[in-house]
Amino acid sequence: MGNTRALLVTAGVLLAALIPLGPGGTALADPLPAAGPARAAAEGKTAAVEPGRIVQEGGPLAVPAGEEGPVTTRLTVHLPPGTTGRLRPRSLGFRGPFREEQGRPAQLFTSTCAVNGGPFETCEWQSPDPDVIEETWLTLYLPDIQVPQGASTVTYDITVDVPSNALWLGRLAGILELGDGSGLVATGEVVFQLLPGTPEASDRAMLHARDRDGVLWQYEATGLARPLLKPRTRVGGGWNVYTALAKPGGGNADAFGRMVARDRAGILWIYEGTLHPSRPFAPRERVGGGWNVYTSIVGLANGGLVARDRAGVLWYYEGNGPSRPAFSPRVRVGGGWNVYTGITSYGSGLVARTADGRQWRYERTEGVRPPVPFTPRRLVGGGWNDFTLLAGTGTVGQEGPSLAARAKDGALWMYGAARWGDHLQYTEPAHPRRVGGGWNVYDLIL
């Protein structure tokens, strides 16, 4: 880090009513002694010189937690008269209750720093091992700063970039102190306020829809409350050669997920994700024949498939990721699934609708390949015959998995996960929000 030597901004998390400053605004660690004349004054030799002020221009920095990228704050250091030479930062501030299961908060931060308008270089965040210290310090290391001859101010420019899973940190506040060889030269507060941003593409769903001309379209979730989906983009034509489509693994906006497609001859094909949303699928590969025995094929979030045969027996195919074959030999789940007019993935399991419009929820059991992959069904509710198509998706808003439902008038509604206290409950979809109209142009949504 070049001449990066000592600390910054020790930031503690001030979620609501976190650890305050001490009386009079003093911090938790011992401050630097007064520098130069101020230190001499403390010894009874000369008049005291007050330390300079460090001002965060524009106030606290709003940091979007998501894919927006870095934002920048400027710290202007107003120096006492006659300050010269090199200044070294030392931080005092707050301790945060970072729990062991949340790991080391510093790993969530990426920062660069520039001194006096110079080039940006990497600045390091650190936090001790949570296994060792329960109340750990969160610290940003800043470089030393050289005071130009005759200057009354110097500056730090600091960029901060965090992912969406850093949002729990909330408000970070710390005290930055700069000193010379003899003591304190300037001090001031630095505040970073983490706010909801756009979740990363890997955490946002991609909804697909096939029109009646056989063109496949994709709708990327915004991750925001409004709008829920971005305008559609074209994947390609010719998809009406298939009688069934499914997405094992769900599929996200980063084009990581797979698509499987059954043609009229009963051959199942797989399209691997490319990680390039503008061309989301690689050329198809053959999985195997004989898939016309199934009346329904559904992709699961874990990368597997379930398929219902004409006798009403449901079969489970475990996904093998990038390995070949793409799926392991089928395992029998059970019979009686012909009571359902539709089966749809939702969360890690399924929802299934009966002819009277009632919808039932099957949750996945624990384990990689359990002999019984689903728990006994639970009733979600009635009235689901108002919808002509249902499709399970990943995160569309910011509430976990969602269920897309097209009404008879062509309006698409999105049902997010139900919330109970601080936890998301995936046992039933709730909180419907209208996406928009015109979805009757599609014969398939997934």
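These figures come from a predicted structure and were not determined experimentally. (Residues numbered from 1 in each chain as written. Predicted model: local features only at pLDDT ≥ 70, side-chain atom pairs only at ≥ 80, totals over all residues. Heavy atoms only, no water.)

**Overview of the overall build of the chain**
- Broken down by element type, the chain carries 1 helix and 34 strands.
- Taken over 446 residues, the chain has a buried fraction of 50%.
- Taking contacts inside the chain between residues at least 6 apart in sequence as the whole, the part at least 24 apart equals 56%.
- Put simply, the chain shows about 20300 Å² of open surface, and 53% of that area lies on carbon and sulfur atoms. (Helix = DSSP H or I, 4+ residues; strand = E, 2+ residues; numbered from the N terminus. Buried < 20%, exposed > 50% of the residue type's maximum accessible area, 1.4 Å probe, protein only. Contact = heavy atoms within 4.5 Å. Areas by Shrake-Rupley, 256 points an atom, 1.4 Å probe, with all protein chains shown as cover.)

**Observations regarding the confidence of the model for the chain**
- In this model, the chain carries an average pLDDT of 82, and 79% of its residues clear a pLDDT of 70 or more.
- Contacts of residues 1-30 to residues separated by more than four positions or lying in other chains number 93 contacts, the stretch itself having pLDDT below 50.
- Taken together, the stretch residues 418-428 has pLDDT below 50 and engages in 25 contacts with residues farther than four places along the chain or on a different chain. (pLDDT = per-residue confidence, 0-100.)

**Considerations on unusual backbone geometry**
- At asparagine 116, a position not held by glycine, the phi torsion is positive, near 50°.
- Among the secondary structure elements, asparagine 116 is positioned in the loop between β7 (110-115) and β8 (121-123).

**Digging into the state of the cysteines**
- Counted under the stated rule, the structure contains 1 disulfide.
- What pairs with cysteine 113 in a disulfide is cysteine 123, and their sulfur atoms sit 2.0 Å apart. Here cysteine 123 lies in strand β8 and cysteine 113 lies in strand β7, a separation of 10 residues in the sequence.
- Among the residues examined, cysteine 123 registers a relative accessible area of 5% and is labelled buried. (Disulfide = S-S within 2.5 Å.)

**Regarding the sheet that holds strand β28 (residues 359-362)**
- Pairing is antiparallel across the open sheet formed by 4 strands, whose spatial order is β26-β27-β28-β29. In this open sheet, the two edge strands, each paired with only one partner strand, are β26 (340-346) and β29 (378-381). Looking at each pair of strands side by side, their axes are set apart by 30° on average, direction ignored. (Pairing = 2+ DSSP bridges. Axes fitted to C-alpha atoms, helices over the stretch in contact; angles between N-to-C directions.)

**Structural notes on the sheet that holds strand β15 (residues 206-211)**
- Pairing is antiparallel across the open sheet formed by 4 strands, whose spatial order is β17-β16-β15-β34. The open sheet has two free edges, formed respectively by β17 (233-236) and β34 (442-445), since each of these has just one partner strand. Here the average twist between neighbouring strands, direction ignored, is 30°.
- Sheet topology places β15 next to strand β16 (residues 216-220); 5 bridges connect them, and they run antiparallel. From the neighbouring strand, alanine 209 faces β16, where its bridge partner is tryptophan 217.

**Some thoughts on the pattern of salt bridges**
- Under the counting rule described, the total for this entry stands at 9 salt bridges.
- Aspartate 157 is paired through a salt bridge with arginine 74; the nearest N and O atoms lie 2.8 Å apart. In this pair, aspartate 157 is assigned in strand β12 (residues 153-161) and arginine 74 in strand β5 (residues 71-78), connecting sequence segments 83 residues apart.
- Accessibility expressed as a relative area gives 8% for aspartate 157, which makes it buried.
- Two residues, glutamate 220 and lysine 230, come together in a salt bridge whose shortest N-O distance is 3.2 Å. One end of the pair, glutamate 220, is in strand β16; the other, lysine 230, is in the loop between β16 and β17, and 10 residues separate them in sequence.
- Salt bridges linked by common partners bring Glu67, Arg204, Glu220 and Lys230 together as one network. (Salt bridge = Lys/Arg side-chain N within 4 Å of Asp/Glu carboxyl O.)

**Observations regarding the packing of aromatic side chains**
- Counted under the stated rule, the structure contains 19 aromatic pairs.
- Look at tyrosine 271 and phenylalanine 281: their rings are 6.3 Å apart centre to centre, the planes differ by 65°, and that puts the pair in the edge-to-face class. With tyrosine 271 in strand β20 (residues 268-271) and phenylalanine 281 in the loop between β20 and β21 (285-288), this residue pair connects regions lying 10 residues apart in the sequence.
- On the basis of relative accessibility, which here comes to 11%, the residue tyrosine 271 falls in the buried class.
- With a centroid separation of 5.0 Å and 45° between ring planes, the pair formed by tryptophan 384 and tyrosine 415 is classed as tilted. (Phe/Tyr/Trp six-rings, centres within 6.5 Å; stacked < 30°, edge-to-face > 60°.)

**Quick look at the environment of glycine 382**
- Structurally, the position occupied by glycine 382 is in the loop between β29 and β30 (387-395).
- Between the C-alpha atoms of glycine 382 and tryptophan 360, which are 22 residues apart in sequence, the distance is 9.2 Å.
- Apart from the residues lying within four places of it in its own chain, the contact partners of glycine 382 are Gly357 and Arg358.

**Observations regarding the nonpolar core**
- Ranked by internal contacts, the top residues of the largest apolar core, which has 34 residues, are Phe109, Leu142, Ile158, Val160, Val162, Phe192 and Leu194.
- Top contributing element to this core by residue count: strand β14 (residues 184-196), with 5 residues.
- Judged by nonpolar contacts, the second largest core, of 18 residues, contains Val215, Val396, Leu412 and Tyr442. (Core = buried A, V, L, I, M, F, W, Y, C linked by side-chain atoms within 4.5 Å.)

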